[in-house]
Amino acid sequence: MNLPTTFILLFVVATAVAIGAQRLRVPYTVALVLTGVLLGATALIPAPHLTKNLLFSLFLPGLIFEAAFRIDSRDLRTGWITSLLLAVPGVIASTALIACTLPPVLALSHAAAGVGWRDALVFGALISATDPVAVIALFRTLRAPPRLTLLLEAESLLNDGTAIVFFTLSLSLIDRSMSGAGALLLQFLVIVGGGLAIGAALGAAASLLMRHIDHPMIEIALTTVAAYGSFALAETLTVSGVIATVVAGLICGNVGARIGMSPARRLAAATFWEYVAFALNSIVFLLIGFEVRERELLRYWLPILVAYLLVTGCRGLIIAAGQLIIGATRERFPWRWSVVLTWGGVRGALAMVLALGLPPTFAYRELLIAMTFGVAILSILVQGLTMSPLLGALGMAARSSAQAADGA
């Protein structure tokens, strides 16, 4: 079966799942993953593997750009301190916590004795950040408070880029291709700064062109070039493609759309990107299910469970610390939000492809891949299925009512 036919079949399946999820009142993303697991086990559709190249070239740029494009910079200014706090220091702290606690906890539970702090550091870097693909898809199915949704979306967009950088640096530290805190800090600044510069340049260029072009299709084409062009150029220059696309999306959505598009054309562009996000999310969550290997998950069930509990607990500690830090600022939020932010820390496709990208010579590679897949699947299924009841239990049901399955 050729690739176009396969993708058509996947769209047919995704459409059927969307209809069924809406009727059964279950989260669409959870239904997609479960369907993917079932189809993968039965081999009814020979789906392509969810590789880093496929995720980075097709799915991630479109999903990240759409999320950034629709964020209003005026709303973002009300929570930028919290988002940055969770995205950079939060990811660093979470990675360090996992690196320090995972080896002794695994040894104590007799789950996987022998895992060292360096191995745990790599696992912490690839699993600490929430996945924007999973988080944004989940929270758009729930009517959570808008500021809370914006906070989680902004965090997931920013910490996605920093997590990839930390993962790359942790591998460099282990294979000793780079040593010393100074070299690591410099590399971090180059990767992040390069992504910021490329995203700003392409976003500004697209916005200026929109101002002088009076054609809705060309304007939408320019946003597409900004989304995928910024990501591709940044990755080619070995800087952060995720950060480049986030910046390009923010500029196009807040500058280009305002100075270069009429209200009708802004609506057309937003509708286009909303459909793109729905289509890409549908395929990527199906592919997540296809990648699950039940035998491996059952074989490593204990270290997976230990890792899931540890990762979730570390996120709770980071969120609690962040709330204490911002408690005296205008960005403070209710304690109930801390619970939702902790439980909303869903992992997904990004962590899975990073784990698959571990070099074959990496110690405990098979174990880390199984743990990553297990944590990602558990977070999508467990947290996805319980998020709506949790919001209801916390007295936020009025904002999150029964529309938990109305699409991604």
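Close reading of the predicted structure is inappropriate where its pLDDT is low. Residue-level pLDDT values for the protein chain average 86, and 93% of them are 70 or greater. The low-confidence segment residues 398-408, where pLDDT is below 50, has 38 contacts with residues more than four positions distant or belonging to other chains.

This part covers helix α11 (residues 216-236). Because an α-helix packs 3.6 residues into every turn, residues spaced three or four apart end up facing the same way. The terminal C-alpha atoms of α11 lie 30 Å apart, and with 21 residues this matches the ideal 30 Å at 1.5 Å per residue to within 8%. Residue G229 marks the point of greatest curvature in α11, where the axis turns by about 25°. Positive backbone phi, at 55°, marks T238, one or two positions downstream of α11.

Bringing helix α17 (residues 349-356) into the picture now. A large share of α17 lies buried, amounting to seven of its eight residues. Every buried residue of α17 is listed here: A349, L350, A351, M352, V353, L354 and A355. Here the buried face of α17 lies against α3 (52-69), α7 (117-127), α9 (146-174), α13 (263-291) and α18 (365-393).

A few words on the pattern of salt bridges. Two side chains carrying opposite charge are able to pair once their charged atoms lie near each other. For the coordinates displayed, the defined rule picks out eight salt bridges. The shortest N-O distance in the salt bridge between D72 and R258 comes to 2.9 Å. In this pair, D72 is assigned in the loop between α3 and α4 (73-76) and R258 in helix α12 (residues 241-260), connecting sequence segments 186 residues apart. Take R258: its relative accessible area is 38%, and that puts it in the partly exposed class. Across the pair R265 and D214 runs a salt bridge, and its minimum N-O distance is 2.9 Å.

Ranked by size, the top nonpolar core spans 117 residues in total, and within it L50, L55, F59, F123, L126, L287 and I288 carry the most contacts. Here this core gets 12 residues from one element, more than from any other, and that element is α13. Core analysis: the second largest hydrophobic core is formed by 18 residues, L148, L152, I318 and I326 among them.

Before going further, it helps to spend a moment on the packing of α9 against α12. Helix-helix packing is described using two parameters, namely the angle between the two axes and the distance between the axes. Closest axis-to-axis distance for the α9/α12 pair is 8 Å, and the angle between their directions is 155°. One element, α9, and the other, α12, form an angle in the roughly antiparallel class. For α9 against α12, the interelement crossing comes out left-handed. The segment α9 lies against α12, with L157, D160, G161 and I164 engaging V242, I243 and V246. Tallied by class, the residues present in the contact of α9 with α12 amount to five nonpolar, one polar and one charged.

Moving on, we get to unusual backbone geometry. Although it is not a glycine, R25 sits at a positive phi angle of roughly 60°. Structurally, the position occupied by R25 is in the loop between α1 (3-24) and α2 (28-42). The exposure class of R25 is partly exposed, given its relative accessible area of 48%. The phi angle at T238 is positive, at roughly 55°, despite the residue not being glycine. Secondary-structure assignment places T238 in the loop between α11 and α12.

Criteria and cut-off values
Residues numbered from 1 in each chain as written. Predicted model: local features only at pLDDT ≥ 70, side-chain atom pairs only at ≥ 80, totals over all residues. Heavy atoms only, no water. pLDDT = per-residue confidence, 0-100. Contact = heavy atoms within 4.5 Å. Helix = DSSP H or I, 4+ residues; strand = E, 2+ residues; numbered from the N terminus. Expected span 1.5 Å × (residues − 1). Bend = angle between axes of the 7 residues up to and from the residue. Buried < 20%, exposed > 50% of the residue type's maximum accessible area, 1.4 Å probe, protein only. Salt bridge = Lys/Arg side-chain N within 4 Å of Asp/Glu carboxyl O. Core = buried A, V, L, I, M, F, W, Y, C linked by side-chain atoms within 4.5 Å. Axes fitted to C-alpha atoms, helices over the stretch in contact; angles between N-to-C directions. Parallel < 35°, antiparallel > 145°, perpendicular 65-115°, else oblique. Left-handed = near helix turned anticlockwise from the far one by under 90°. Nonpolar A, V, L, I, M, F, W, Y, C, P; charged D, E, K, R; others polar.

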